[in-house]
Amino acid sequence: MPIRVGMTLSGERLNRDNAKFAQQLGIEDVVVHLGRYKRVEDPQLYLAGGQPGPILGDCSEETLWTYDYMKGVVDMLGEYGLKIAAMENFAPNFWSDILLDGAEKVRQMDGLKRLVEDAGRAGIKVIGYNFSIAGVWGWRRLPVGRGGAVTSVFDAASFDAQAPIPDGMVWNMRYRPSVAGAMPLKVSETELWQRLEWFLKELVPVAEAAGVRLAAHPDDPPMETLRGTARLVNQPSKYDRLVSIADSPSNALEFCIGSLQEMTTGNVYETTRRFARAKRIAYVHFRNVRGKVPHYEETFIDNGDVDMAEIVRILRDEDFDGVMVPDHVPDVHSNAPWHAGMAYTIGYMRALVGHAHLLGASATPISIHDAITREAV
């Protein structure tokens, strides 16, 4: 099966209107975010570029997604000829104590096991996740893209990147009320990896039995620490450590080109070659950026630091048979900024993939990726 181009629909955008939009763009595969979270503060300061974010809100009342709920989404999308390629991001209150090693982690793990089993029964065969305390945070929305397009910028020098996470929050999400006088949250790298190991050893066997692949997203931004907490996969080599914990096709990667390019070590093309050849990539976030931590900006698909055609060449050579989706598309000045930006990106991706056989030879030398393959993954 060839490389396919998909689209992500999340929260309020996961609806019939956008299913029709995807259908008209020739999309057949959709990545979904099922959470619909309450806003607990005004997002305008973030959207105007004056406050780091994103501002995601309150998930404390989100209930565990059931088979009926997930199957209902599968069926609704099916009416438009769409299938779910992956479901992304557990609601933070589903697994806050797993991330924080809290008293409720076993109960929460039982819930995740049910969710994975039910997802498999509903026909959702990939679940993307980001094992992170601070999550995606620190962006500012600024008009620095081509032609003044508004896009996400990370600049650690422009704000306090180590400002503590407010009590009762993981990611940017409130999962319970704050406790007055609570000590700032600190999590070491050793602690975070110990928690991940427990998570994978508990959940991967359940995913295997359910025919589901768990797909780990790398850190974005890939800082050493953020908000006083360690980051997990902030260098490409740490993906090797993650997959070694459970040697299973169900322990896979949500492979984000932008996040990997933002890292301070490694080569995004060699890394893509290596994990594609090892069949560890469940699906791809196809995103371009300019710069690296501690300062980078997200760009249109065709004017960042990454040669996106080379990524397609590599995936073509390695017979990757999964889905690529746009990720964090810059807004295009119009009456529908998200839709215009998404349509531009999808068109670019479909042209690359549809003509992958005409793109010529990969610029990643055979001698390099043959040597890389000899390293155990």
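The rules we used
- Residues numbered from 1 in each chain as written.
- Predicted model: local features only at pLDDT ≥ 70, side-chain atom pairs only at ≥ 80, totals over all residues.
- Heavy atoms only, no water.
- Salt bridge = Lys/Arg side-chain N within 4 Å of Asp/Glu carboxyl O.
- Helix = DSSP H or I, 4+ residues; strand = E, 2+ residues; numbered from the N terminus.
- Buried < 20%, exposed > 50% of the residue type's maximum accessible area, 1.4 Å probe, protein only.
- Core = buried A, V, L, I, M, F, W, Y, C linked by side-chain atoms within 4.5 Å.
- Contact = heavy atoms within 4.5 Å.
- Polar contact = N/O pair within 3.5 Å; in protein donor to acceptor, adjacent residues only side chain to side chain.
- Phe/Tyr/Trp six-rings, centres within 6.5 Å; stacked < 30°, edge-to-face > 60°.
- Lys NZ or Arg CZ within 6 Å of the ring centre and 35° of its normal.
- Pairing = 2+ DSSP bridges.
- 1 Å grid on protein atoms, 1.4 Å probe; cavity = no way out; pocket = protein on both sides within 12 Å on 5 of 7 lines; lining within 4 Å.
- Points joined across faces, edges and corners; volume = space filled by probe spheres on them.
- Nonpolar A, V, L, I, M, F, W, Y, C, P; charged D, E, K, R; others polar.

What is the right way to look at the pattern of salt bridges in this model?
In this structure the tally under the stated criterion is 28 salt bridges. Linking Lys-113 and Glu-202 is a salt bridge whose minimum nitrogen-to-oxygen distance equals 2.8 Å. In this pair, Lys-113 is assigned in helix 5 (residues 105–122) and Glu-202 in helix 6 (residues 189–210), connecting sequence segments 89 residues apart. Under the relative-accessibility criterion, Glu-202 is labelled partly exposed at 28%. Where Arg-287 meets Glu-298, a salt bridge forms, and the shortest distance between an N and an O atom there is 3.1 Å. Taken as a pair, Arg-287 in the loop between strand 14 (281–286) and strand 15 (289–292) and Glu-298 in strand 16 (residues 295–298) lie far apart in primary sequence, 11 residues in all. Judged by its relative accessible area of 0%, Glu-298 falls in the buried class.

Explain the nonpolar core here, please?
Nonpolar side chains in soluble globular proteins tend to be buried together. Core analysis: the biggest nonpolar cluster contains 113 residues, and Leu-77, Tyr-129, Phe-199 and Leu-242 have the highest contact counts within it. For this core, the leading source of residues is helix 6, giving 10 residues. The contacts of Leu-242, once residues within four sequence positions are left out, are Tyr-129, Trp-193, Leu-196, Leu-200, Ala-216, Leu-232, Val-233, Asn-251 and Leu-253. Within the second largest apolar cluster, 10 residues are counted, among which are Val-31, Ala-85, Val-126 and Ala-282.

Is there a simple way to explain helix 9 (residues 268–277) in this structure?
One turn of the α-helix equals 3.6 residues, which is why residues spaced by three or four share an orientation. Counting buried positions along helix 9 gives eight out of 10 residues, so the element sits mostly inside the fold. Residues of helix 9 that are buried: Val-268, Tyr-269, Thr-271, Thr-272, Arg-273, Arg-274, Phe-275 and Ala-276. If you check the start of helix 9, you find a side-chain oxygen 2.9 Å away from the backbone N of Tyr-269, and it comes from Asn-267. Note on helix 9: the residue one or two positions beyond its end, Lys-279, has a positive phi of about 60°.

It is not clear to me how the side chain of Asp-29 should be interpreted in this structure. Could you clarify?
Tracing the backbone through its elements, the reader meets Asp-29 in strand 2 (residues 29–33). On the accessibility criterion, Asp-29 (2% relative accessible area) is buried. Of the polar contacts made by the side chain of Asp-29, one reaches the side chain of Arg-4; its length is 3.4 Å. Once you skip the residues sitting within four places of it in the chain, Asp-29 turns out to touch Arg-4, Gly-6, Met-7, Lys-83, Ala-85 and Val-323.

In this structure, what is going on with the packing of aromatic side chains? I would like to understand it.
Applying the stated rule across the entire model yields 15 aromatic pairs. Pairing Phe-154 with Tyr-296 gives two aromatic rings, centres 5.6 Å apart and planes at 20°, and the pair type is stacked. You can see Phe-154 sitting in strand 7 (residues 151–155) and its partner Tyr-296 sitting in strand 16, a full 142 residues away along the chain. Site record: aromatic cluster; members linked through ring pairs are Phe-90, Trp-95, Tyr-129, Phe-131 and Phe-199. Lying over the aromatic face of Trp-198, Lys-105 brings its terminal NZ or CZ to 4.6 Å of the ring centre. Its guanidinium or amino end placed over the ring of Tyr-67, Arg-121 lies 4.1 Å from that ring's centre, counting from NZ or CZ.

What's the story with the environment of Leu-352 in this structure? I'm lost.
Relative to the helices and strands, Leu-352 resides in helix 11 (residues 337–354). Residues Leu-352 and Ala-309, 43 residues apart in the sequence, show an inter-C-alpha distance of 6.6 Å. Apart from residues no more than four positions distant in its own chain, Leu-352 is found in contact with Phe-286, Met-308, Ala-309, Val-312 and Leu-359.

For this particular structure, what's the right way to read unusual backbone geometry?
Note: most residues except glycine have negative phi, and most peptide bonds are trans. Residue Pro-221 is reached from Asp-220 by a cis peptide bond, and omega for that bond is 0°. With respect to the secondary-structure elements, Pro-221 resides in the loop between strand 10 (213–216) and strand 11 (225–226). Backbone torsion omega between Val-293 and Pro-294 reads 15°, so that peptide bond is classified as cis. Its identity is not glycine, yet Asp-319 carries a phi of approximately 55°, on the positive side.

Looking at this structure, how should I read the pairing of strand 5 (residues 126–129)?
Across a regular strand the side chains alternate sides, sitting on one face of the sheet and then on the other. Burial of strand 5 is two-sided: the residues Val-126 and Gly-128 facing one way and the residues Ile-127 and Tyr-129 facing the other way are all buried. Examined bridge by bridge, strand 4 (residues 83–88) and strand 5 share two bridges and lie parallel to one another. Counted as the bridge partner of Glu-88 is Gly-128 from strand 5. One ladder, built from four bridges, connects strand 5 with strand 10; its direction is parallel. Its bridge partner lying in strand 10, Val-126 is registered against Arg-213.

Teacher, can you tell me more about the layout of surface pockets here?
Taking a probe equal in size to a water molecule and rolling it over the atoms shows the remaining empty space. Computed from the structure, the largest pocket encloses a volume of approximately 1,700 Å³. Listed by contribution, the elements that provide at least two residues to the lining of the largest pocket are strand 1 (4–10), helix 2 (44–47), helix 4 (92–100), strand 6 (139–142) and helix 11. Grouping the amino acids of the lining of the largest pocket by side-chain chemistry returns 21 nonpolar, 11 polar and 11 charged. The space that makes up the second largest pocket amounts to roughly 320 Å³. Around the second largest pocket, the lining is made up of 21 residues, and of these Arg-4, Arg-213, Ala-282, Asp-321 and Gly-322 lie nearest the centre. When contributions to the lining of the second largest pocket are tallied by element, the ones reaching two or more residues are strand 4, helix 9 and strand 14. Partitioning the lining of the second largest pocket into residue classes produces 11 nonpolar, two polar and eight charged.

Which parts of the structure should I look at to understand the sheet that holds strand 8 (residues 169–170)?
In any sheet, the strands associate via hydrogen bonds between backbone groups, in a parallel or an antiparallel arrangement. The strand order across the open sheet built from three strands is 3-9-8, with neighbouring strands paired in mixed fashion. The outermost strands of the open sheet, each flanked by one partner alone, are strand 3 (57–58) and strand 8. With two bridges joining them, strand 3 and strand 9 (residues 173–174) adopt parallel strand pairing. Among the inter-strand pairings, Gly-57 is bridged to a residue of strand 9, identified as Met-173.

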